[in-house]
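# Results of the structural survey
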Amino acid sequence: MNFDKPLTLADLRSVYEAPLRADLSPSALTRIDAGARAISAIVDSGATVYGVNTGFGLLANTTIARSDLEALQRNLVLSHACGVGPLIPDAIVRLILVLKIASLSRGASGVRRGTVQMLARLVEVGIYPCIPSKGSVGASGDLAPLAHLAAVLLGIGEARVNGAAVPASAALERAGLKPLVLGPKEGLALLNGTQASTALALAGLFETEKAFAAGIAAGAMSTDALKGSDTPFDARIQALRGQPGQIAVAAALRVLMAGSEIRESHRAPGADDKVQDPYSLRCQPQVMGAVLDVMRAAARTLEIEASGVTDNPLVLDNGEVVSGGNFHAEPVAFAADTLALALCEIGNISERRTAILVDPKMSGLPAFLVKESGLNSGFMIAQVTAAALVAENRMLAHPASIDTVPTSANQEDHVSMATHGARRLLDMAENAATVVAIELLAATQGLDFRRPLKSSKLLEQAAHDIRSLVGPYERDRYFAPDIAAITQYVRGGALQKLVYALL
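Residues numbered from 1 in each chain as written. Predicted model: local features only at pLDDT ≥ 70, side-chain atom pairs only at ≥ 80, totals over all residues. Heavy atoms only, no water.

A separate point is the overall build of the chain. For the chain, the count of helices and strands is 21 helices and seven strands. Its C-alpha atoms give the chain principal-axis dimensions of about 90 × 50 × 45 Å. Here the chain holds 503 residues, and the buried ones make up 56% of them. Considering only residue pairs separated by 6 or more positions, the chain has 79% of its internal contacts joining residues 24 or more positions apart. Of the roughly 20200 Å² of accessible surface on the chain, 56% is carried by carbon and sulfur atoms. (Helix = DSSP H or I, 4+ residues; strand = E, 2+ residues; numbered from the N terminus. Buried < 20%, exposed > 50% of the residue type's maximum accessible area, 1.4 Å probe, protein only. Contact = heavy atoms within 4.5 Å. Areas by Shrake-Rupley, 256 points an atom, 1.4 Å probe, with all protein chains shown as cover.)

So this is what it looks like as structure tokens:
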């Protein structure tokens, strides 16, 4: 991992997906040392600077004696470790650690090199602080979550090693580390920042990408199974509007359906009595294209934030220390809110196609996609499950960024709520992936009923993959394992590789 240049989305995905090393280059250490010298000079001069030798928040006007500066930082960490709720998964904690290293390595936070190297060592050996997921309002930094991270550096709290929680002191000993004695401003630099919100939002983005790609493949498969038309995907239609996501999605759909025997069977005039397909088939480029544009915009915001310096105060290149508000996570909150909207629409349009597939009046297929319907209920309740999940996602999609609750005796009187806005994306992405998985099962079943005609080469391959995991639905059986298997297939990203190559 190179911290001498801004982290890319590819870098961040690799952090999310697997353990890695987080080495600091000589130039990064030089930047860190310069910032630390600036803070040391302030302490030696006796000047009063917020966060270095003052209290915090409403207590910023309280000057702290030099002999108490280490206690000030330690007390800050311990008092702010107020997180509650389920622990953040290790993969996201790894992201938080890397984002914090990226921020501190810019040299604008005033911490010592040993402090940043300690964080890098945790990443290297796979020690992940136990960080509760709730308790941050996304302004003045993700104080509570990052306090739990910082506490582990002090040998306090717990960390996970190989998936098991152990005392922080034991985890440090395993890594060959001693508990950290905090220098001036170091506790504040570790606590302040948007790294928890940003890591959660990045994880939400990466999971959204998987559901999105599977939704494109499922939409193409459903269109073919329903003997829908690919004419609405014509490049000339998309060009007249000009929206880039719409153009890209239509192109992907055309490639996915190219060469389908099913499509050719009803292309000739009079071969099909339908004049136009329902919107959930016909308007896929417009809907999923808009989703793609939103995802790309959110990705750009989060990519920038990942390498940003978001604590306070900051050490400038000339050694001046200035207070600002980079800790306010409003950009992350907006990105998370738009991703929530995207996840809603991925699920909404997918569920509507499943509803068409199970309806014999609209699909021309057996009722609920099963022979001897009546004796068998087939996909009846699978579609109900999809409906329940899209309804839940609509509720979860309420914007977090429009809410604010003043904190710290009204000193922090406007906050972003980015943290829970980002955290809910993980539940929403799982819901959307499940909705799309149900559609994939239904569409594959629909293709089975069109035999001996075949779909396109790419869609037949996807159907083959699904059938390798779940057999044809010939009569009623215990359905939940089928849905779970294909949800895992979606979340594993197999269709992402296919679709993103087309985008």
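Here helix 17 (residues 380-396) spans 25 Å end to end across 17 residues, near enough to the 24 Å set by a 1.5 Å rise per residue. Where helix 17 is concerned, the buried positions are Ala382, Gln383, Ala386, Leu389, Val390 and Asn393. What you see down the axis of helix 17 is that its buried residues fit within an arc of 120°, all on one side. With respect to the buried face of helix 17, the exposed residues turned more than 90 degrees away are Ile381 and Met395. Buried-residue contacts for helix 17 involve helix 15 (330-358) and helix 18 (418-449). (Expected span 1.5 Å × (residues − 1). Arc of directions from axis to C-beta.)

All right, on to the pattern of salt bridges then. One pass over the full model with this rule turns up 25 salt bridges. Between Asp234 and Arg236 there is a salt bridge, with the nearest N and O atoms lying 2.6 Å from each other. Residue Arg236 is classed as exposed on the basis of its relative accessible area of 62%. The shortest N-O distance in the salt bridge between Arg477 and Asp482 comes to 2.7 Å. Residue Arg477 is classed as partly exposed on the basis of its relative accessible area, which comes to 31%. Since its relative accessible area comes to 10%, Asp482 is described here as buried. One network of salt bridges, in which partners are shared, links Arg21, Asp23, Arg121 and Glu124. (Salt bridge = Lys/Arg side-chain N within 4 Å of Asp/Glu carboxyl O.)

With that settled, consider the side chain of Ser140. Mapping Ser140 onto the fold places it in the loop between strand 3 (132-134) and helix 6 (143-153). Since its relative accessible area comes to 11%, Ser140 is described here as buried. Side chain to side chain, Ser140 and Glu412 meet in a polar contact 3.4 Å long. Those residues in contact with Ser140, other than ones at most four positions away along the chain, are Asn192, Phe327 and Glu412. (Polar contact = N/O pair within 3.5 Å; in protein donor to acceptor, adjacent residues only side chain to side chain.)

A separate point is unusual backbone geometry. Apart from glycine, the bulk of residues carry a negative phi angle, and the bulk of peptide bonds sit in the trans form. The amide bond that connects Asn312 to the next residue, Pro313, takes the cis arrangement and shows omega of -5°. Position of Pro313 among the secondary structure elements: in the loop between helix 14 (284-306) and strand 6 (314-315). For Lys227, which is not a glycine, the phi torsion comes out positive at approximately 55°. Mapped onto the secondary structure, Lys227 falls in the loop between helix 9 (195-225) and helix 10 (235-241). Of note in this structure, Met417 is not a glycine but carries a positive phi near 60°. With respect to the helices and strands, Met417 occurs in the loop between helix 17 and helix 18. Residue class for Met417 comes out buried when judged on its relative accessible area of 6%.

Taken together, the three bridges between strand 2 (residues 127-129) and strand 4 (residues 158-161) define a ladder with antiparallel strand orientation. Of the residues in strand 4, the one forming a bridge with Tyr128 is Arg160. Summarising the sheet, strand 4 and strand 5 (residues 164-167) pair through four bridges and their orientation is antiparallel. Paired with Val161 across the bridge in strand 5 is Ala164. Between the antiparallel neighbours strand 4 and strand 5 lie two residues, among them Asn162 with a positive phi of about 55°. (Pairing = 2+ DSSP bridges.)

With that out of the way, let us pick up a nonpolar patch on the surface. Nonpolar side chains collect at one region of the surface, where Met380, Ile381 and Val384 lie side by side and expose about 240 Å² of accessible area between them. Summarising the element assignment, Val384 is placed in helix 17. (Patch = residues over 30% accessible without salt bridge, like charges linked within 9 Å, V, L, I, M, F, W, Y side chains within 5 Å.)

Okay, the packing of helix 9 against helix 19 (residues 457-469) next. Between helix 9 and helix 19, whose axes approach to 10 Å, the crossing angle comes to 105°. One way to sum up the angle between helix 9 and helix 19 is to call them roughly perpendicular. On helix 19, the residues that touch Ala217, Ala220 and Met221 of helix 9 are Leu459, Ala462, Ala463 and Ile466. (Axes fitted to C-alpha atoms, helices over the stretch in contact; angles between N-to-C directions. Parallel < 35°, antiparallel > 145°, perpendicular 65-115°, else oblique.)

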